[in-house]
Amino acid sequence: MRRICALDTSSAVGTFALAEVSDAGVRVLLEREQRVSNAHGESLLPLLDAACRELGWAPKTIERWIVGIGPGSFTGARIATSLVKGIVLATEAEVTAVSSFEVLAFGLPVAIAFVDAMKGDRYVQAWRDGQPSEPVYVPANALEAWMRGAIDAAGPSVTLIGDVPVVAGLGVEVVERTPVRASEMIGIGLRKAAAAATDLEPLYVRSADLHVKVSEAK
Amino acid sequence: MLVLGVESSCDETAAAVVDHTGLVHSDVVHSQVKLHAQYGGIIPELASRDHLRNIAPVIAEALDRASVTVPQLDGIAVTQRPGLVGALLVGVQAAKGLAWAAGKPLVGVDHLIGHILAVYLQRSEERIDTPSFPFVCLLASGGHTAIYSVASPRPDDITELGATRDDAAGEAFDKVAKLLDLGYPGGPKIDRLAATGNPARYPFTVPMAAKRSLEFSFSGIKTQVAQHIERNGKPQTESDLADLCASFQRAAVTSLTRKLFTAASMQGVRDVVIGGGVAANRELRATVLAEAHKRDMRAFLPSIASCTDNAAMIAYAGLKTLERGEVHGWDLSATSRTVLARATRKGRGER
C-alpha cells in the first residue's frame, strides 16, 4: 500500500487529495478544496497538516507527490511546487508533475483544453489521441480567430474543454468546467515516471513580464 | 544548536547552516546578478522563477558543505519579510515543506534584522569581536537605508532612529552607475573607480546635512550627478570618470557616516555597527573605522560576505528567535513590509 498526495495551487482554488494505492487500485481517502484569494501560501500547509493528522499519516510516509504545475497563476503554481521541493529534501519521496491540460483532456480523443490566463486571455493546448501540441497563450482579442482556426484543423469531433470562451456558432461540443480537482490528477500522475524534484517547474507557457523593480528588496 | 537559514527575498537564492556561537558551517549563495544585469534592474518574475529552479540544490549544497543532515538540525529559519513577495514565497514555501516533513521548528525572519545581526557571524575559527547591546546600526543597501537603535535581537527592541526619505543609498549608487553606463549593479563598480579618483574635484552637496537630523536623502545626490552630466557631458577619460565616482561616493559616505555617529552620540552608546550591501563599500568601512577611532568608540564591520544578502545572517537571526522559545506556524506568510516600525515618512516636506 503506497501513500500519495496530489496537490494543485495554480488557480484560485487550492486542492489536494490523499490516497492509497495498492494492486486493487487507487482509493482516495480525503480531498480538500479551498477558494482563496492570493493566500495559498498561508492556507495550503495548515490544511494539509490537518488532513495528514486526521488520517494519522506522518509526512515522511507519503511516497509520491503529484504536483499540479498549471498553467495558471505563476505565483500560485510556485506555492505547491516550492513546498514539495522542500518536503522532498527531507523525505526523498517521488515527484510527478501534472498539467491542468492533461487533466482536462484526459480520455478525450480530440480536444482543445482552455485554462484562464486572466483578463479574458487563455492558455490553450490541443490534444489528439493523447498527444499534446505545444501549449500557447492566446490574448482575449485573438481568441475567436484562434479557436476557429484550431477547430478547422482538429475537425468536427473535437471537444473544447475547460474555461472555454463563449463564441457563437462553433459547431462542436463544448464542456465548460473549471477548476482541476486534485483527485483527478492522481491517475495521470501515477502513469508517469517519477521526475527529479529539482526539475519540477510550473508550466508557465507565457514569458515573464519585464517590469524592472530595482529597489524593492535589496 | 544548529539552524538552517534560507533566503530568497530579492535576487540571491541562499542557504546556510549556523550554530549558536554564530559560527558559519556553510554559506551558499546563488546570485541572479547576470540574469538581471541586461535589464538594468531586478525583474520580479524572473527572480521568482530562478529562485524556484535553485532553491532545492542550494539548500542541499548548504547541508552537504556543513556535513549536516536534516535530522541533525534544530530548526529552520527563512526570510519572511521584507522583499519581493513572489521571490520570498519560494523560500518560505520550501522552508515550510522541509520543516514540516522533517518535524523541525520553523521561524520566519525579517531580512533587515538579519542584516543588523550579521555582525555576530563568525566565519573562521579565529573569533572576531562582536558588539555589546545596546548599539547603533547603520543599515544601508539597495532597498533600505536607516539607522537603528538596537537594544537586543528582539524586533521590539530595535528602533528606527531615521531613514531615507527617498532613494536608498545602494539605489543611488545603482542609478549613478546607470547614468555613467557602468552597468548593474553599480555599487562595486563605483567603489572600484572611486579608489583612484579625486573626491574633492566635484563638490557635491551632502543632503539632509542638519546636525540633529537622522534622516537621509539620496535622490538629491543622484540628481546632482545627473545635472553635472547634463551640463558637462559624460566623463571622457578614465580619470574624469574616477573623479566623478569618487566625488559622488564621498558625498554619500559622508552623509551615512555623519548620521551614524550623530545617532550614536544622541543615544549615548559606544558601539556602532554597519550592515547591508553598502557596508561592503571600502570608503564607508574605512571612514567608519577612522571616525570611531577618533571618538574612542568601537566600530563593528561584518565581513564582506556577511554584508551582501546571505542566509547565514537569516539562520543566526532565526536561531536567536528559537532560543527565545518562539516558533512560527505552518501558515507563515511572505510579506513585502518589514516588522520594524518606520519613524521616517517618505517624500519631501516639513517634518
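Residues numbered from 1 in each chain as written. Chains lettered and ligands numbered in written order. Predicted model: local features only at pLDDT ≥ 70, side-chain atom pairs only at ≥ 80, totals over all residues. Heavy atoms only, no water.

Caption draft 1: Spatial organisation of the interface of chain A and chain B. Counting residues at the interface gives 40 residues for chain A and 48 residues for chain B. Contact between chain A and chain B buries roughly 3,700 Å² in total, counting both sides, with carbon and sulfur atoms accounting for 69%. Measuring nitrogen to oxygen at the nearest pair gives 2.9 Å for the salt bridge that ties R78(A) to E45(B). Our count for the contact surface shared by chain A and chain B stands at 7 residue pairs in polar contact (both at pLDDT 80 or more). For the side of chain A that touches chain B, the secondary-structure elements that each account for two or more residues are α1 (40-55) and α2 (74-91) of chain A. Broken down by element, the residue count for the side of chain A that touches chain B peaks at 13 residues, all from α2(A). A breakdown of the residues in the side of chain A that touches chain B according to their chemical character gives 20 nonpolar, 10 polar and 10 charged. (Contact = heavy atoms within 4.5 Å. Buried area = accessible area lost by both parts, 1.4 Å probe. Salt bridge = Lys/Arg side-chain N within 4 Å of Asp/Glu carboxyl O. Polar contact = N/O pair within 3.5 Å; in protein donor to acceptor, adjacent residues only side chain to side chain. Helix = DSSP H or I, 4+ residues; strand = E, 2+ residues; numbered from the N terminus. Nonpolar A, V, L, I, M, F, W, Y, C, P; charged D, E, K, R; others polar.)

Caption draft 2: Inspection of the pattern of salt bridges at higher detail. Residues and elements named next belong to chain A. In the structure shown here, the tally under the stated rule is 33 salt bridges over all chains. In this structure, R181 engages E33 in a salt bridge whose closest nitrogen and oxygen atoms are separated by 3.6 Å. With a gap of 148 residues between them, R181 in the loop between β11 (173-176) and α5 (182-191) and E33 in strand β3 (residues 25-35) connect regions that are remote in the sequence. Between D163 and R122 there is a salt bridge whose closest N-O contact spans 3.8 Å. Of this pair, D163 sits in the loop between β10 (159-162) and β11 while R122 sits in strand β7 (residues 122-128), placing them 41 residues apart in sequence. Summarising the burial analysis for this pair, D163 and R122 share the class buried. Taken together, the shared-partner salt bridges connect R2, E63, R64 and E94 into one network. (Buried < 20%, exposed > 50% of the residue type's maximum accessible area, 1.4 Å probe, protein only.)

Caption draft 3: Geometry of unusual backbone geometry. In this structure, P134(B) follows F133(B) across a cis peptide bond, with omega equal to -5 degrees. Residue position: P134(B) is located in the loop between α4 (111-117) and β6 (135-140). Geometrically, the link from Y184(B) to P185(B) is a cis peptide bond, its omega value of -5 degrees lying close to zero. Relative to the elements of secondary structure, P185(B) occurs in the loop between α5 (169-179) and α6 (187-194). The phi dihedral of E92(A) is positive, around 60 degrees, even though this residue is not glycine. The residue E92(A) is located in the loop between α2 and β5 (94-98) in this model.

Caption draft 4: Quick look at the domain arrangement of chain A. Residues and elements named next belong to chain A. Assigned domains within chain A: domain 1 (2-99 + 180-207) and domain 2 (101-178 + 210-217). Taking the mean C-alpha position of each, domain 1 and domain 2 sit 24 Å from one another. Taken together, the two surfaces of domain 1 and domain 2 that pack against each other cover about 1,200 Å², and 62% of this comes from carbon and sulfur. Across the contact surface, domain 1 and domain 2 share 2 salt bridges. E102 is the salt-bridge partner of K192, the closest N and O atoms lying 2.9 Å from each other. There are 6 residue pairs in polar contact (both at pLDDT 80 or more) connecting domain 1 and domain 2. Put simply, the parts of the chain that give the side of domain 1 that touches domain 2 at least two residues each are β5 and α5. Broken down by element, the side of domain 1 that touches domain 2 gets its largest block of residues, 4 residues, from α5. (Domains from an automatic or database assignment.)

Caption draft 5: Geometry of empty space enclosed by the protein. All names here are of chain A. Considering all chains together, one arrives at 1 cavity of 30 Å³ or more under this definition. In this structure, the largest cavity spans a volume of roughly 60 Å³. If you trace the largest cavity, you find it lined by T9, G14, T15, F16, R32, Q34, H40, S43, L44 and L47. The dominant element in the lining of the largest cavity, judged by the number of residues it contributes, is α1, at 4 residues. Of the residues that constitute the lining of the largest cavity, the class distribution is 3 nonpolar, 6 polar and 1 charged. (1 Å grid on protein atoms, 1.4 Å probe; cavity = no way out; pocket = protein on both sides within 12 Å on 5 of 7 lines; lining within 4 Å. Points joined across faces, edges and corners; volume = space filled by probe spheres on them.)

Caption draft 6: Fine view of helix α8 (residues 238-267) of chain B. Residue and element names in this part refer to chain B. For α8, spanning 30 residues, the distance from its first C-alpha to its last is 43 Å, which sits close to the expected 44 Å at 1.5 Å a residue. Taking burial as the measure, the 30 residues of α8 include 21 buried ones, the bulk of the element. One or two residues past the end of α8 sits G268, with phi positive at roughly 70 degrees. (Expected span 1.5 Å × (residues − 1).)

Caption draft 7: Quick peek at the pairing of strand β4 (residues 62-68) of chain A. Residue and element names in this part refer to chain A. Among the 7 residues that make up β4, 6 are buried, leaving the element largely enclosed by the rest of the structure. One ladder, built from 5 bridges, connects strand β1 (residues 2-8) with β4; its direction is parallel. Following the sheet pairing, A6 is matched in β4 by I66. Between the parallel pair β4 and β5, the chain is carried across by α2, and the sense of this crossover is right-handed. (Pairing = 2+ DSSP bridges. Right-handed = clockwise from strand over helix to strand, strands pointing away.)

Caption draft 8: Local environment of the sheet that holds strand β10 (residues 298-300) of chain B. All names here are of chain B. Taken in spatial order, the 5 strands line up as β8-β7-β6-β9-β10 in an open sheet, and their pairing is mixed. Looking along the sheet, the strands with just one partner apiece sit at the ends: β8 (158-163) and β10. Here the average twist between neighbouring strands, direction ignored, is 25 degrees. Pairing of strand β7 (residues 145-150) with β8 involves 5 bridges; the strand directions are antiparallel. Paired with S149 across the strands is T159, a residue of β8. α8 contacts β6, β7, β8 and β9 (271-275) of the sheet and is inclined by roughly 155 degrees relative to β6. (Axes fitted to C-alpha atoms, helices over the stretch in contact; angles between N-to-C directions.)

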